[in-house]
Amino acid sequence: MTVHQVSKLSGVSIRALHHYDAIGLLPATEVTEAGYRLYDDAALERLQSILLFKELEFPLKEIKRILDSPGFDKAKALEQQIHLLEMRKEHLQNLIDLARGMKTTGVKPMSFEVFDTKKMDEYARQARESWGTTPEYQESLQRDAQRTPAERQAMAGAMMKLFTEFGAMKATSPQSDEAMAQARKLQQFITDNYYHCSDEILCCLADMYAAGGDFTINIDQAGGEGTAEFACQAIHAMVNAKKTRIPVK
């Protein structure tokens, strides 16, 4: 397809397509002797990925880095994009409901919770890590490349066992010594087997575990309903305890 045809099909301006080509984000598949850019189906598929990332407000430079990363998993990224879009949809619906309520009944009682995007932002941040844009993810890839399929399966089983143990603690408080010790055990397991798991990264993981989607489903299957949320709270409690110098046994 010519650049004019791609523009008409996608709604992306010709100027923008030229810019994408110039920065290497969406190179033309072929350039004719007359200088016309031509795009094949693979280029159009890449354009769809670009536009999805743009809808999620990713800068072009970061989109290029993600798509060109050797560790980029398109299928996994698509699932995460869907979840992010669903979270944004819920956020917008909450804002609409608030605005309608203000129109009907006024602004009292004052509510600002619907403006909070921290959970969505944290999920997006963790998604970026899994798209290969951090040293931690690259370290994980390097370690994983040295493992056999059987070793990978055993590692995944060991990870799920940790969440099964979290599930057995759900009757206790996530701030209990036992729960916080389990959170530290999870952090050490990730560091020992995948990448250096800082407190900051661990908290991002915790929010992703409880944010819904496949992570929450798998964790709750391992430890029972509510395990993902309990693990999330225990992780944050453990990290907060470190900050306040409360000893974790």
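Let me begin by describing the structure that accompanies this report. A quick note: this is a predicted structure, and the numbers were derived from the prediction, not measured.

## Quick notes on the overall build of the protein chain
Check the secondary structure of the protein chain and you find twelve helices and two strands. Along its sequence from the N terminus, the protein chain presents helices and strands in the succession α-α-β-β-α-α-α-α-α-α-α-α-α-α.

## Thoughts on the nonpolar core
Counting residues in hydrophobic clusters, the biggest one holds 33 residues, and the most contacted among them are Phe163, Phe166, Leu186, Ile190, Leu205 and Tyr209. Mapped onto this core, the elements with two or more residues apiece are helix 8 (149-167), helix 9 (177-193), helix 10 (199-209) and helix 12 (227-243). Per element, the largest residue contribution to this core is ten residues, and it comes from helix 12. The contacts of Phe163, once residues within four sequence positions are left out, are Leu186, Tyr209, Ile219, Ala222, Gly223, Thr227 and Ala231. Residues Ile50, Phe58, Ile66 and Leu84 belong to the second largest nonpolar core, which totals 21 residues.

## Topic: helix 5 (residues 74-105)
Three or four residues apart is the spacing at which side chains of an α-helix point the same way, because the helix has 3.6 residues per turn. With 32 residues, helix 5 extends 46 Å between its outermost C-alpha atoms, agreeing within 8% with the 46 Å of an ideal straight helix rising 1.5 Å per residue. Of the positions making up helix 5, those classed as buried are Ala77, Gln80, Gln81, His83, Leu84, Met87, His91 and Leu98.

## Quick word on the pattern of salt bridges
Side chains that differ in sign of charge can pair as their charged atoms come close. Per the counting criterion, the structure on display carries four salt bridges. The shortest N-O distance in the salt bridge between Asp21 and Arg37 comes to 2.7 Å. Separated by 16 residues along the polypeptide, Asp21 in helix 2 (residues 14-22) and Arg37 in strand 2 (residues 37-38) bring together distant segments of the chain. Residue class for Asp21 comes out buried when judged on its relative accessible area of 18%. We note a salt bridge from Glu165 to Lys161, for which the minimum N-O separation is 2.7 Å. Residue Glu165 and its partner Lys161 are both found in helix 8; the two are separated by four residues, about one turn of the helix.

## Section: the packing of aromatic side chains
Evaluated as defined, the whole model comprises four aromatic pairs. Look at Phe166 and Phe230: their rings are 6.4 Å apart centre to centre, the planes differ by 70 degrees, and that puts the pair in the edge-to-face class. Here Phe166 is found in helix 8, whereas its partner Phe230 is found in helix 12, with 64 residues between them in sequence. A single burial state applies to Phe166 and to Phe230, both of which are buried. In this structure an aromatic cluster arises from ring pairing among Phe163, Phe166, Tyr209 and Phe230.

Thresholds applied
- Residues numbered from 1 in each chain as written.
- Predicted model: local features only at pLDDT ≥ 70, side-chain atom pairs only at ≥ 80, totals over all residues.
- Heavy atoms only, no water.
- Helix = DSSP H or I, 4+ residues; strand = E, 2+ residues; numbered from the N terminus.
- Core = buried A, V, L, I, M, F, W, Y, C linked by side-chain atoms within 4.5 Å.
- Buried < 20%, exposed > 50% of the residue type's maximum accessible area, 1.4 Å probe, protein only.
- Contact = heavy atoms within 4.5 Å.
- Expected span 1.5 Å × (residues − 1).
- Salt bridge = Lys/Arg side-chain N within 4 Å of Asp/Glu carboxyl O.
- Phe/Tyr/Trp six-rings, centres within 6.5 Å; stacked < 30°, edge-to-face > 60°.

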